[in-house]
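Chain by chain, the residues run as shown.
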Amino acid sequence: ELEEAVYSAESDISVDLEEAIEMKDLLKKTQLWMEKSSAIVPKRSARKKKRGNGVNEEKHKMMEISNLIEEAATIPLDIADELERLKIEHSVTFSWRLQAHRTIRDIIAAFEDFRKEKSSIYSSSEVKAATQAVTISANDGKERVDPKLDTKA
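Reading the values: the criteria
- Residues numbered from 1 in each chain as written.
- Predicted model: local features only at pLDDT ≥ 70, side-chain atom pairs only at ≥ 80, totals over all residues.
- Heavy atoms only, no water.
- Helix = DSSP H or I, 4+ residues; strand = E, 2+ residues; numbered from the N terminus.
- Buried < 20%, exposed > 50% of the residue type's maximum accessible area, 1.4 Å probe, protein only.
- Contact = heavy atoms within 4.5 Å.
- Areas by Shrake-Rupley, 256 points an atom, 1.4 Å probe, with all protein chains shown as cover.
- Salt bridge = Lys/Arg side-chain N within 4 Å of Asp/Glu carboxyl O.
- pLDDT = per-residue confidence, 0-100.
- Polar contact = N/O pair within 3.5 Å; in protein donor to acceptor, adjacent residues only side chain to side chain.
- Arc of directions from axis to C-beta.
- Axes fitted to C-alpha atoms, helices over the stretch in contact; angles between N-to-C directions.
- Parallel < 35°, antiparallel > 145°, perpendicular 65-115°, else oblique.
- Left-handed = near helix turned anticlockwise from the far one by under 90°.
- Nonpolar A, V, L, I, M, F, W, Y, C, P; charged D, E, K, R; others polar.
- Expected span 1.5 Å × (residues − 1).

### Considering the overall build of the chain
Of regular secondary structure, the chain possesses six helices and two strands. Listed N to C, the secondary structure of the chain is α-α-α-α-α-α-β-β in terms of helices and strands. The 153 residues of the chain split such that 16% are buried. Looking at the chain alone, contacts between residues at least 24 apart form 55% of all its contacts between residues at least 6 apart. On the chain, roughly 12300 Å² of surface is accessible, and the fraction owed to carbon and sulfur atoms is 54%.

In structure tokens, the structure reads:
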């Protein structure tokens, strides 16, 4: 309806009315918001078309989702469905993030327990050599062996 009103104002009225300009700006703002929202959480039918392999190609930041949710309050049009999809995505992502933090904490605690157990069994020099031989990179999670300490080499 807003699109029709803007089109009508542009084609039927030869003077730029303030109201027509405001409607046009509101339409642009709403369309931009909808495009951003759809890029993050497309409708179900669009998801299937877009994600042929089941994985969303483009990743978005939590801040983008939060900003869109906040910005929704400034849009006086009905965007409830899109807003709800954004809120669900935000909630699911936040929950996953919390679970990932807990899992990482559990892994670190288990590793520390393992280290303490091994240090009580072996002498401190043996533990130090074993600990230095294998390190795990927090950035990529790949196991790396220090070539100087690798007993297999």
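### Examining the pattern of salt bridges
Counting across every chain of the model gives one salt bridge. A salt bridge links Glu112 to Arg115, with the nearest nitrogen and oxygen atoms 3.7 Å apart. Here the residue Glu112 and the residue Arg115 both occupy positions in helix α5 (residues 80-121), the gap between them amounting to three residues, near one helical turn. Among the residues examined, Arg115 registers a relative accessible area of 32% and is labelled partly exposed.

### Considering the confidence of the model for the chain
When the pLDDT values of the chain are averaged, the result is 76; 60% of them are 70 or greater. Looking over the chain, one finds the lowest element-wise mean pLDDT in strand β1 (residues 134-136), namely 51, and the highest in helix α4 (residues 62-72), namely 93.

### Some thoughts on the side chain of Thr30
Within the element layout of this structure, Thr30 appears in helix α2 (residues 18-40). Here Leu26 takes part through its backbone oxygen, which lies 2.8 Å from a polar atom of the side chain of Thr30. The contacts of Thr30, once residues within four sequence positions are left out, are Ile75, Leu77 and Ile79.

### Thoughts on α4
Where α4 is concerned, the buried positions are Met62, Ile65, Leu68 and Ala72. All buried residues of α4 lie within an arc of 130 degrees about the axis, which places them on one face of the element. Away from its buried face, by an angle of more than 90 degrees, α4 presents the exposed residues Met63 and Glu70. Contacts made by the buried residues of α4 are with α2 and α5.

### Digging into the side chain of Ser37
Its location among the elements puts Ser37 in helix α2. Setting aside chain neighbours within four positions, we find Ser37 in contact with Pro42, Leu68, Glu82 and Leu86.

### Focus: the packing of α2 against α5
Axis separation between α2 and α5 bottoms out at 10 Å; the angle between their running directions is 40 degrees. Viewed along their axes, α2 and α5 adopt a mutual orientation that is oblique. Crossing handedness for the pair α2 and α5: left-handed. Contacts from Trp33, Met34, Ser37 and Ile40 in α2 reach Glu82, Leu83 and Leu86 in α5. When the residues that make up the contact of α2 with α5 are grouped by side-chain class, the tally is five nonpolar, one polar and one charged.

### Examining α2
In a regular helix each residue adds 1.5 Å, so 23 residues correspond to 33 Å; α2 covers 33 Å between its end C-alpha atoms and thus fits that length. Taken as a whole, α2 has its buried residues at Ala20, Leu27, Thr30, Trp33, Ser37 and Ile40.

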